[in-house]
Amino acid sequence: MSKEVKKFKDYEYKRPQSEELKSKIGKLLEVFNQANSANEQINLIMEFNEAEKDIMTMKSIAQIRHDINTKDEFYEKENNFWDEFMPQLMSYKAMYAKTVLASKFRNELEKKFGKHLFTKIELESKIFNQSIAEDMIEENKLVSEYHKLVAIGKVKVGGKEMTLNEVTPLRESKDRKIRKEANEAYFGYFADNVEKFDKIYDELVKLRTKMAKKLGYENFVQMAYDRMGRSDYSAKEVAGYRKQILDSVVPVASELKKRQKERLGYDKLYYYDDGFKFNSGNATPKGSADEIMQNGIKMFDELGGDLKTFFDFMHSHELFDVLGRDAKKAGGYCTFIPNYNSPFIYANFNGTDHDVKVLTHESGHAFQIYSSSKKQEIIEYLWPTMDAAEIHSMSMEFITWRWMDLFFKDDSEKYKFSHIAGAVEFIPYGATIDEFQHVVYENPEMTPLERRKAFRKIEKKYMPHIDYAGNEFLESGGLFFRQLHVFAVPFYYIDYTLAQVCALQFWKKSRDNRENTMKVYSNLCNAGGSKPFLELLKIGELNNPFVDGAIKKTVEPVIEYLNRVDDKKL
Ligand code: ZN
């Protein structure tokens, strides 16, 4: 008899009962403290693990169903419930961390689960205690204020009023006049609200500094590193890494900008020309969203092995929602539903090359979590830290290059060129955002004006090619207002560049020896978050980007490729 496949729409949702959960966790921890053997404690950790999986299962289902249709009243309520319930869960988790760290069988537990689990929960217990609970609520409020200020933003282009999101395609318009107007309008919104953005950011910087001091940190920088779960490198290594970017990537990015200018036949390339890459238009996927998904099946089928099994699973369980629709929340992500061993890919296709990038990128995340959930026993080891997590996704974008003509037909060479050129151009921008945040949080007393000045100075160092065409606001250092990470997830941004540098290594490897590369890639996915960043790099046979010379070595084959392409013909 064949077993019927349960599809996402049939996955059961039940809101956890917080009181019940609280007493259950309290009891578990009490028994843990009184346990007389390591084995007893190991079993209790597994029990706690199962409880956490149940909770995360419900949280993921509620989030996806709410995002898919924000007008669904039932999931609207559930979404609100989770917003309020999460801080409570954090305090349970902190109690759990404290109890496990104090175990009298610590050695035996480390032997069973690995040392990394303890490194992780040690960091978790360092970044939170009750004294900052109120501050954290305040921090969330300020971040929401930022999101809201961006979301309500309306500007006029060509006499038509639109949201900042709606302006985005016009900022890359073929018509230079429209492009200029759209960019001026877009940044004009931030300029018009400069005091509001300055105020939110100023309060966030001071609040985070206050929290860091309460927890015994010198300033917020190390607290942010701990929050990101970084356990095997510090701000010092990151500074050296940015220096390598300055020496080895910035000249390449400047050269690419020069080529763009020549390709377009301009005397000067201004900031509003940045997103417009080819006079013939940017590469677009040919065919409908449905055809993109069909080609996705074909691609993963040919990639074979575990990837074929994975994509078949995603498809048969209907673990995608990728079409843009009314009342559907913007954005794209991959999440995980532990009790069904199901990744879920969420996106909003819009007919540009973004659709293919989202499909390959999120499939990388999904394949990683699908693989690690089969190999890793505990929930802490499912996802790695963000620096490593983006390696799987960004590398998948490159590993799948061979199949790009399925999606782009005649545009595939154009897509590949702009994909890899975009990766290189992105790295100096990432370094700018990162260095800026170090300066800001090392000097929390800076005024908003001083901060923006500092931003512009750093920007000139890493992106000397940008010409703001006299735009006063951007000249004054206001670009970072549009970068939500600076407000919402401080110090996250460098992770994208670290992962990008690793993904470029996978790009090279998959061109040299695809079969072996797929094996290594699978190994890395299987490891999930069971190891810290630098140890994961070893599993992925990747060069440590913090070692002097590593970045130069990574970009050399990329330069070679870029130089071989006659981009004027694209
Ligand atoms: Zn990602």
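Along each chain, numbering runs from 1 in the same order as the chain's sequence is written. Whole-chain, interface and lining totals are the exception, using all residues; otherwise, since this is a predicted model, local features are given only for residues with pLDDT of at least 70 and side-chain atom pairs are given and counted only at 80 or more. Only hydrogens and water are set aside when side-chain values are computed; all heavy atoms of the structure are taken into account.

**Student:** Hey, could you run me through the overall build of the chain in this one?
**Tutor:** Helix and strand labels come from DSSP, where a helix needs a run of H or I of at least four residues and a strand needs a run of E of at least two; each type is numbered from the N terminus. Helix and strand counts for the chain stand at 25 helices and five strands. In terms of C-alpha radius of gyration, the chain reaches 24 Å, essentially the compact-globule figure of 25 Å for 570 residues. By principal-axis analysis of the C-alpha atoms, the chain measures approximately 75 × 65 × 50 Å. Exposure classes here rest on a 1.4 Å probe applied to the protein chains alone. A residue is buried below 20% of its type maximum, exposed above 50%, and partly exposed in between. For the chain, the residues scored as buried account for 56% of the 570 residues in total. Within the chain, contacts between residues separated by at least 24 positions form 75% of all contacts whose residues are at least 6 apart in sequence. For every accessible area listed, the method is Shrake-Rupley and the probe measures 1.4 Å; residues are considered covered only by the protein chains on display. Element-wise, carbon and sulfur atoms account for 50% of the exposed surface of the chain, whose accessible area totals about 25900 Å². Positive and negative side-chain charges in the chain, numbering 86 and 89 respectively, have mean positions lying 2 Å apart. Put simply, the radius of gyration uses C-alpha atoms, and a globule should come to 2.2 Å times the residue count raised to 0.38. Residue contacts are defined here by distance: any two heavy atoms, one from each residue, within 4.5 Å place the two residues in contact. Counted as positive: Lys and Arg. Counted as negative: Asp and Glu, with His and the chain ends omitted from the count. The location of each charge is read from NZ of Lys, CZ of Arg, CG of Asp or CD of Glu.

**Student:** Explain helix α10 (residues 220–227) here, please?
**Tutor:** Every α-helix carries 3.6 residues per turn, so stepping three or four residues along brings you back to the same face. The element α10 is largely enclosed, with a buried count of six among its eight residues. Every buried residue belonging to α10 is among Phe 220, Val 221, Met 223, Ala 224, Tyr 225 and Asp 226, and all of these are buried. Residues adjacent in sequence count toward polar contacts only when both atoms are side-chain atoms; beyond that, a polar contact is any pair of N or O atoms within 3.5 Å, and within protein one must be able to donate a hydrogen and the other to accept it. Measuring from the backbone nitrogen of Val 221 back to the side-chain oxygen at the start of α10 gives 2.9 Å, which picks out Asn 219 as the cap.

**Student:** Would you mind going over the sheet that holds strand β3 (residues 320–323) with me for this structure?
**Tutor:** Sheet strands pair by backbone hydrogen bonding; their relative direction is either parallel or antiparallel. Read across the sheet, three strands follow the order β3-β5-β4 without closing on themselves; strand pairing throughout is mixed. Strand pairing shows two members of the sheet lacking a second neighbour, β3 and β4 (333–337), which therefore form its edges. Averaged over all neighbouring strand pairs, the angle between strand axes comes to 15°, with direction disregarded. Strand pairing follows a simple DSSP-based rule, namely that at least 2 bridges must link the two strands. Two elements, β4 and strand β5 (residues 342–349), share five bridges in a ladder whose sense is antiparallel. Bridging across to β5, Thr 335 finds its partner in Phe 344. Helix-sheet contacts for helix α2 (residues 38–68) involve β3, β4 and β5, and the interaxial angle to β4 is about 140°. Helix-sheet contacts for helix α14 (residues 305–316) involve β3 and β5, and the interaxial angle to β5 is about 70°. Angles shown run from 0 to 180 degrees and are taken between the N-to-C directions of axes, each axis being a line fitted to C-alpha atoms and, for helices, limited to the stretch in contact.

**Student:** What exactly am I supposed to notice about the coordination of the zinc ion here?
**Tutor:** Metal coordination angles have textbook ideals: 109.5 degrees for a tetrahedral set of four donors and 90 or 180 degrees for an octahedral set of six. Those protein atoms acting as donors to the zinc ion are His 361 (NE2), His 365 (NE2), Glu 390 (OE) and Glu 390 (OE), and they sit at 2.1 to 2.6 Å. Note that the zinc ion binds four donor atoms; their angles at the metal cover 53 to 143°, and the shape is irregular. When the donors of the zinc ion are listed by position in the chain, the intervening gaps give H-x3-H-x24-E. You can see His 361 sitting in helix α15 (residues 354–375) and its partner Glu 390 sitting in helix α16 (residues 386–399), a full 29 residues away along the chain. Judged by relative accessible area, His 361 falls into the buried class, the value being 14%. The rule for donors is simple: an N, O or S atom within 2.8 Å of the metal counts, and for Na, K and Ca the reach is 3.2 Å. Water is not among the atoms, so a site may look short of donors. Every angle between 85 and 135 degrees makes a four-donor site tetrahedral, while opposite donors more than 155 degrees apart, with all other angles between 65 and 115, make a four-donor site square planar and a six-donor site octahedral; other sites are irregular.

**Student:** What exactly am I supposed to notice about the nonpolar core here?
**Tutor:** Side chains that are nonpolar tend, in soluble globular proteins, to be buried together. Residues belong to a common nonpolar core when they are buried Ala, Val, Leu, Ile, Met, Phe, Trp, Tyr or Cys residues joined through side-chain atoms within 4.5 Å. If you look at the biggest cluster of nonpolar residues, it comprises 179 residues, and the most contacted ones within it are Ile 391 and Phe 487. Among the elements that make up this core, the one with the highest residue count is helix α18 (residues 412–442) (14 residues). Not counting residues up to four positions away in its chain, the partners in contact with Ile 391 are Ala 499, Cys 502, Phe 506, Leu 524, Phe 533, Leu 537 and Leu 542.

**Student:** What am I meant to see in empty space enclosed by the protein here?
**Tutor:** Rolling a probe over the atoms, with the probe sized like a water molecule, indicates the empty space that remains. Cavities and pockets were defined on a 1 Å grid built from protein atoms only: a cavity is a group of points that admits a 1.4 Å probe but offers it no way out, a pocket is an open group of points flanked by protein on both sides within 12 Å along at least five of seven lines, and a lining residue is one with an atom within 4 Å of any such point. Grid points are joined across faces, edges and corners, and a volume is the space filled by probe spheres set on the points. This structure, assessed with the given rule, holds three cavities of 30 Å³ or more. Counted as a void, the largest cavity has a volume near 60 Å³. Along the walls of the largest cavity sit Leu 256, Gln 260, Arg 263, Lys 277, Phe 417, Ser 418, Ala 421, Gly 422 and Glu 425, which together make up its complete lining. For the lining of the largest cavity, the elements supplying multiple residues, two or more each, are α12 (250–264) and α18. Examining the composition of the lining of the largest cavity, we find that five residues originate from one element, α18, more than from any other.

**Student:** It is not clear to me how the packing of aromatic side chains should be interpreted in this structure. Could you clarify?
**Tutor:** Aromatic rings considered in pairs are described by the distance between their centres and by the relative angle of their planes. Centre distance within 6.5 Å is the pairing criterion for rings of Phe, Tyr and Trp, where only the six-membered ring of Trp is used; planes under 30 degrees apart are then read as stacked, over 60 as edge-to-face, and the remainder as tilted. Taken as a whole and assessed by the stated rule, the structure comprises 61 aromatic pairs. Note on Phe 310 and Phe 367: the rings are 5.4 Å apart at their centroids and 70° apart in plane angle, and the pair reads as edge-to-face. With Phe 310 in helix α14 and Phe 367 in helix α15, this pair connects stretches of sequence that are 57 residues apart. Each member of the pair, Phe 310 as well as Phe 367, is classed as buried. Between Tyr 493 and Tyr 496, the aromatic rings sit 5.3 Å apart at their centres with planes inclined by 70°, giving edge-to-face as the arrangement. There is no split in this pair, since Tyr 493 and Tyr 496 are both buried. By definition, being over a ring means that NZ of Lys or CZ of Arg is both within 6 Å of the ring centre and within 35 degrees of the ring normal. The ring centre of Tyr 186 lies 3.9 Å from the NZ or CZ of Arg 171, which sits over that ring. Taking NZ or CZ as reference, Arg 263 lies 4.6 Å from the ring centre of Phe 278, over its face.

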